[in-house]
Amino acid sequence: MEYYHNPGKALEIEVAGERYLRHGIRTHFVEVGEDYLDLFRRYVVPVYRPGDWVAVSEKVAALCQGRVIHRQEIQVTWLARLLAKCVRQTPAGPGMGLPVKMQLP
């Protein structure tokens, strides 16, 4: 099998002396409320081999479970604005440096 890994990520990683190969599985744009078992059957089952480990991103799990809060639903407080100014920007993106994200629990 040919392995696919995300750009900037290593194909092979070592954890506690064990060697693992990553295989990122491309999907369509997952929408809110999709059935993650259907996603699993469609995208994972064709490449899964006994002994493989499967990890699902929290973002995909949240979308499938409908745990989405739209930006317009969030009321940003003065405290979130103040605290967001203290967060340093990283290459991963703004994250908690955005007041709207700082406001979320």
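Data block above holds the structure.
Residues numbered from 1 in each chain as written. Predicted model: local features only at pLDDT ≥ 70, side-chain atom pairs only at ≥ 80, totals over all residues. Heavy atoms only, no water.

Participant: When you look at helix α1 (residues 36–44) in this model, what are you seeing that I'm missing?
Facilitator: Residues that lie three or four places apart on an α-helix share one face, since the helix turns once every 3.6 residues. Inspection of α1 places L39, Y43 and V44 among the buried residues, and these make up the whole buried set. In an axial view of α1, the angular spread of the buried residues amounts to 80°, which keeps them on one side of the axis. Exposed residues on α1 whose side chains face more than 90 degrees from its buried face are R41 and R42. Measuring from the backbone nitrogen of L37 back to the side-chain oxygen at the start of α1 gives 2.8 Å, which picks out D35 as the cap. (Buried < 20%, exposed > 50% of the residue type's maximum accessible area, 1.4 Å probe, protein only. Helix = DSSP H or I, 4+ residues; strand = E, 2+ residues; numbered from the N terminus. Arc of directions from axis to C-beta. Polar contact = N/O pair within 3.5 Å; in protein donor to acceptor, adjacent residues only side chain to side chain.)

Participant: Please explain the layout of surface pockets as it appears in this structure.
Facilitator: If you roll a probe as big as a water molecule over the atoms, it shows you where there is empty space left. Its volume calculated, the largest pocket comes out at about 1,200 Å³. What lines the largest pocket is a set of 37 residues, among which H23, G24, I25, V54 and A55 lie closest to the centre. Those elements that place two or more of their residues in the lining of the largest pocket are β2 (18–21), α1 and α2 (58–65). Taken together, the residues of the lining of the largest pocket sort by class into 23 nonpolar, 8 polar and 6 charged. Approximately 480 Å³ is the volume found for the second largest pocket. Residue lining of the second largest pocket: E58, K59, A62, L63, R67, V68, I69, R71, I74, V100, K101 and L104, and that is the complete set. Going through the elements one at a time, α2 and α4 (99–103) are the ones with two or more residues in the lining of the second largest pocket. When residues of the lining of the second largest pocket are assigned to their parent elements, the largest contribution, 4 residues, is made by α2. A breakdown of the residues in the lining of the second largest pocket according to their chemical character gives 7 nonpolar, no polar and 5 charged. (1 Å grid on protein atoms, 1.4 Å probe; cavity = no way out; pocket = protein on both sides within 12 Å on 5 of 7 lines; lining within 4 Å. Points joined across faces, edges and corners; volume = space filled by probe spheres on them. Nonpolar A, V, L, I, M, F, W, Y, C, P; charged D, E, K, R; others polar.)

Participant: How do you make sense of the pairing of β2 when you look at a structure like this?
Facilitator: Every regular strand shows the same layout, with side chains that alternate between the two sheet faces. Pairing of strand β1 (residues 12–15) with β2, which is carried by 4 bridges, proceeds in the antiparallel orientation. Bridge pairing links E14 to R19 in β2. Linking β1 to β2, which pair antiparallel, is a turn of 2 residues; within it A16 sits at a positive phi near 50°. (Pairing = 2+ DSSP bridges.)

Participant: Would you take a moment to explain the pattern of salt bridges for this structure?
Facilitator: Should the charged atoms of two oppositely charged side chains come close, the side chains can pair. Applying the stated criterion across every chain yields a total of 3 salt bridges. Linking R41 and D38 is a salt bridge whose minimum nitrogen-to-oxygen distance equals 3.0 Å. Of this pair, R41 and D38 are both found in helix α1, 3 residues apart, which corresponds to roughly one turn of the helix. (Salt bridge = Lys/Arg side-chain N within 4 Å of Asp/Glu carboxyl O.)

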